[in-house]
Amino acid sequence: MKKRVLAAVGVAVVAVGAGVSTAVASNDAHASLRIGQVRLVDPAGGSLGTVQLVELGGRLHVIGKVRGLAAGFHGFHIHEKGECIGSSTPPFASAGGHLSTTSDSHPGHAGDMPVLLVGRDGSAQASFTTDRLTLADVFDPDGSAIIVHANADNYANIPTRYAPGGPDGDTLKTGDSGGRVACGVVTRR
């Protein structure tokens, strides 16, 4: 798979295979470009898609394409350990919790990302930019993984009128996004 990078004043276009993503960079035409890649699998090891992490100009651009998932919203997070053991109980527990570079709870974890909206055909695409973390955070000594969860992420948005005292401890950890249906270890490219 070939990679082409075209830089203009403040804009870089990254073309990988057939997918093209536009990433806004700093005005420094010599900004360093680093790429992480992920191959998402189900608990049985079947391929479900790919995610790329492109760091450019101090921002992390996330570009994902998945298939074979249930329609609806799914939690989508970077987890703290680069390990995806699908045969564990529960599946992919080996990836640990959400990657956090501070002591914040959900949705303030650095690895908390926008939900993934899967269409009726089981496919989804994601493209967004974050300044919450860098590839150095992702490639810490134990690595990181991307997880797709079974349910939507409520971002711990539980008003006290629904739950006295607000969200509980589990909600503050995961946003009630449920089991882990896909996992992929982030690798350098």
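Our subject is the structure listed above.
Cut-offs used in this document
- Residues numbered from 1 in each chain as written.
- Predicted model: local features only at pLDDT ≥ 70, side-chain atom pairs only at ≥ 80, totals over all residues.
- Heavy atoms only, no water.
- Helix = DSSP H or I, 4+ residues; strand = E, 2+ residues; numbered from the N terminus.
- Buried < 20%, exposed > 50% of the residue type's maximum accessible area, 1.4 Å probe, protein only.
- Contact = heavy atoms within 4.5 Å.
- Polar contact = N/O pair within 3.5 Å; in protein donor to acceptor, adjacent residues only side chain to side chain.

K.L.:
Outline the environment of glycine 68, listing residues and values.
P.N.:
Following the sequence through the fold, glycine 68 ends up in the loop between strand S6 (59-66) and strand S7 (72-74). The exposed category is assigned to glycine 68, whose relative accessible area is 60%. Glycine 68 sits 54 residues away from glycine 122 along the chain, and the two C-alpha atoms are 4.9 Å apart. Apart from the residues within four sequence positions on either side, glycine 68 is in contact with Leu48 and Gly122.

K.L.:
I'd like to hear about the side chain of histidine 79, residue by residue, with values.
P.N.:
With respect to the helices and strands, the residue histidine 79 is situated in strand S8 (residues 76-79). A polar side-chain atom of histidine 79 sits 2.7 Å from the main-chain carbonyl oxygen of glycine 96. A polar contact is formed between the side chain of histidine 79 and the backbone oxygen of glycine 97, at a distance of 3.3 Å. Each residue touching histidine 79, except ones within four places of it in the same chain, is listed here: Ala95, Gly96, Gly97, His98, Leu99, Ser144, Ala145, Ile147, His149 and Arg180.

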